[in-house]
Protein chains: 2
Amino acid sequence: MIRVAIADDQQLVRDGFSLILRSQADIDVAAEAADGQQLLEAVRHDSRIDVALVDIRMPVLDGLQATRELAAIPHAPAVIVVTTFDDDAYVLDAIASGARGFLLKRCSARDLIAAVRTVAAGEAILSAEVTGAVLDRVRATGPATHVELAAYQLTARETDVLALIGAGLNNNEIADRLYLSMSTVKTHVTNVLAKTGSRDRVRAAILAIRAGLTP
Amino acid sequence: MIRVAIADDQQLVRDGFSLILRSQADIDVAAEAADGQQLLEAVRHDSRIDVALVDIRMPVLDGLQATRELAAIPHAPAVIVVTTFDDDAYVLDAIASGARGFLLKRCSARDLIAAVRTVAAGEAILSAEVTGAVLDRVRATGPATHVELAAYQLTARETDVLALIGAGLNNNEIADRLYLSMSTVKTHVTNVLAKTGSRDRVRAAILAIRAGLTP
DNA sequence: GCCGATCTGGTACCGGGGTACCTGGCCGGT
DNA sequence: ACCGGCCAGGTACCCCGGTACCAGATCGGC
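Each value, and the rule that gives it
- Residues numbered from 1 in each chain as written.
- Chains lettered and ligands numbered in written order.
- Predicted model: local features only at pLDDT ≥ 70, side-chain atom pairs only at ≥ 80, totals over all residues.
- Buried ≥ 20, exposed ≤ 12 C-beta atoms within 10 Å, placed from the backbone.
- Helix = DSSP H or I, 4+ residues; strand = E, 2+ residues; numbered from the N terminus.
- Pairing = 2+ DSSP bridges.
- Right-handed = clockwise from strand over helix to strand, strands pointing away.
- Near = placed C-beta within 6 Å.
- Nonpolar A, V, L, I, M, F, W, Y, C, P; charged D, E, K, R; others polar.
- Least-squares fit on C-alpha atoms with pLDDT ≥ 70 in both.
- Contact = placed C-beta atoms within 7 Å.
- Core = buried A, V, L, I, M, F, W, Y, C linked by C-beta atoms within 7 Å.
- Axes fitted to C-alpha atoms, helices over the stretch in contact; angles between N-to-C directions.

Peer 1: How should the pairing of strand β3 (residues 51-54) of chain A be read in this particular structure?
Peer 2: Along any regular strand, the residues point their side chains to alternate faces of the sheet. Residue and element names in this part refer to chain A. Burial of the side chains of β3 extends over both faces: V51 and L53 are buried on one face and A52 and V54 on the other. In terms of strand pairing, strand β1 (residues 2-7) meets β3 through four bridges, oriented parallel. What sits directly across from I6, in β3, is L53. The pairing of β3 with strand β4 (residues 78-83) spans four bridges and is parallel. When the bridges of β4 are listed, A52 appears paired with V79. Viewed along the sheet, the connection from β3 through helix α3 (residues 63-71) into β4 turns out right-handed.

Peer 1: Help me understand the protein's contact with DNA strand C in this model?
Peer 2: Residues in close proximity to DNA strand C total 20 residues, the closest being N170, D200 and R201 of chain A together with T155 and S183 of chain B. Broken down by secondary-structure element, the contributors of at least two residues to the surface near DNA strand C are α8 (171-178) and α9 (182-196) of chain A together with α7 (156-166) and α9 (182-196) of chain B. For the surface near DNA strand C, the leading source of residues is α9 of chain A, giving five residues. Residues that form the surface near DNA strand C fall into these classes: four nonpolar, 11 polar and five charged.

Peer 1: I would appreciate a short explanation of the relation of the copies chain A and chain B in the present structure.
Peer 2: Copy one and copy two of the chain differ by a rotation about a common axis and a shift along it. Superposition record for chain A on chain B: RMSD 0.7 Å, screw rotation 179°, translation along axis 0.6 Å. Both copies of the chain, as the preceding transformation shows, are related through a two-fold rotation axis. Proximity to the rotation axis, assessed at the C-alpha, singles out V202 of chain A in chain A; its C-alpha lies 2.3 Å from the axis. Taken together, the interface assignments show that 97% of the residues at the interface of chain A recur at the interface of chain B, consistent with an identical surface on both copies.

Peer 1: For this particular structure, what's the right way to read helix α10 (residues 201-210) of chain B?
Peer 2: Each α-helix winds once per 3.6 residues, and so residues spaced three or four apart point in a common direction. In terms of burial, α10 of chain B is a largely internal element, nine of the 10 residues being buried. All of the buried residues in α10 of chain B are R201, V202, R203, A204, A205, I206, L207, A208 and I209 of chain B. Packed against the buried residues of α10 of chain B are α10 (201-210) of chain A together with α7 and α9 of chain B. Immediately beyond the C-terminal end of α10 of chain B, within one or two residues, lies G212 of chain B, with a positive phi of roughly 80°.

Peer 1: Is there a simple way to think about the nonpolar core in this case?
Peer 2: In terms of nonpolar packing, the biggest core is built from 96 residues, with A52 and I80 of chain A together with A52 and I80 of chain B touching the most fellow members. Apart from the residues within four sequence positions on either side, I80 of chain A is in contact with V51, L53, V54, A99, R100, G101, L103, A115 and V119 of chain A.

Peer 1: Could you clarify how one ought to interpret the protein's contact with DNA strand D in this entry?
Peer 2: In the vicinity of DNA strand D there are 19 residues, among which T155 and S183 of chain A together with N170, D200 and R201 of chain B approach most closely. Those elements giving two or more residues to the surface near DNA strand D turn out to be α7 (156-166) and α9 of chain A together with α8 (171-178) and α9 of chain B. With five residues, the single largest contributor to the surface near DNA strand D is α9 of chain B.

Peer 1: Mind showing me how you'd approach the sheet that holds β4 of chain A here?
Peer 2: Each strand in a sheet pairs with another by means of backbone hydrogen bonds, the pair being arranged parallel or else antiparallel. Residue and element names in this part refer to chain A. Overall, parallel pairing links the six strands, which are arranged β2-β1-β3-β4-β5-β6 in an open sheet. Every interior strand has two partners, whereas the edge strands, β2 (27-33) and β6 (125-126), have only one. Pairing of strand β5 (residues 101-104) with β6 involves two bridges; the strand directions are parallel. Pairing of G101 across the sheet is with I125, part of β6. Here helix α2 (residues 36-45) sits on the sheet and contacts β1, β2 and β3; the angle it forms with β1, its principal contact strand, is near 155°.

What follows is the structure, encoded as structure tokens:
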């Protein structure tokens, strides 16, 4: 049985979703919320909610923030952001916030049901209208950009230093952060540059970012 | 009428897809190919193909390379990569190659038909099984980090310089690239650092990357 | 015409970045 | 016991990066 929570500030929307989902034998609507705050409370009080349908525009706490806070809760439900076409620009934000699904309200009841089952199974779902935007994003960030830094055989300490270079720290700050002397940092930096083939710390910083060393 | 090309090295698969699609009144199978090379030829000889279903594993020219070369052709069809579950790791590569869809062969005939209509309409589609991986990728590249550099009021030249800083060039190379003297570059760099509030060029480089100035 | 912003260029100066080379301690493997 | 790695540290040196300040050219707007 898939247990679902519905968060939308409009009573009618909640009722509609609820009717649609309850029509399925394997789906149960365990909670309803009129804003993000109510959703968080519901999830905190009921640890067995599998999926949360969340609207973006809600009073008190909007859907995206609620999604982010939800992620901090243990046994957090998978979030499907269900919103109007006007809000389709929020896809990337929703994904970044941790959503496992993004549906437009113009979709069919069948799509909604399928989406709930999909994310409950650990997969993810996007409305076709917004998938294009996501693909463009992936193309833009480019898969070629990701660097495998294991290839450089950096030692643990050198990796630390590289990460801090990528964060924009100068040698003094790195020494400070790692409780080292300036000299030691310099030697590490020199080694990092040599191993990674970077001419200067700027190149190294770029490499660090491409390698995902900086969040 | 949606005109489709099918590229798969297995005759039986092509026949199956063809039968499924031809069952729809608005879809026509205009070409079939047993490898990527044949697909390219078919598309070059028939400029009215809207959608191409492409398998990854094909002799002569594989599906991903074919997709990349397809992008160079004018009025190129939208590509849906249709492949086995074993190849689901190629999603990101497929997207980077320009695919507008990624389907697993285990999907239903209805899914296939819907996918063709979806990409023909300019949208995109992903199998639920691989959507999760794509979302993880988007989350990893971090959209929250995106910086709006319009806020810094940089002039055109300063923006040029910032972009090159982000690419890891030193002042000499920037001067070379922009046909400027070293002094001029230094002036611009100083202005960029002041306007962006960056302490040194490393910080500026990080900013440039976060702002999307470097591809 | 005048003013301001932008682009371009120069000189001079200093500090941090980066290199080269050496010392020493700590561990793990042979 | 010895060797090789990683880590930590020091000294000395050079050069690029960055700042400060100035100045001429162009261009658009009041």
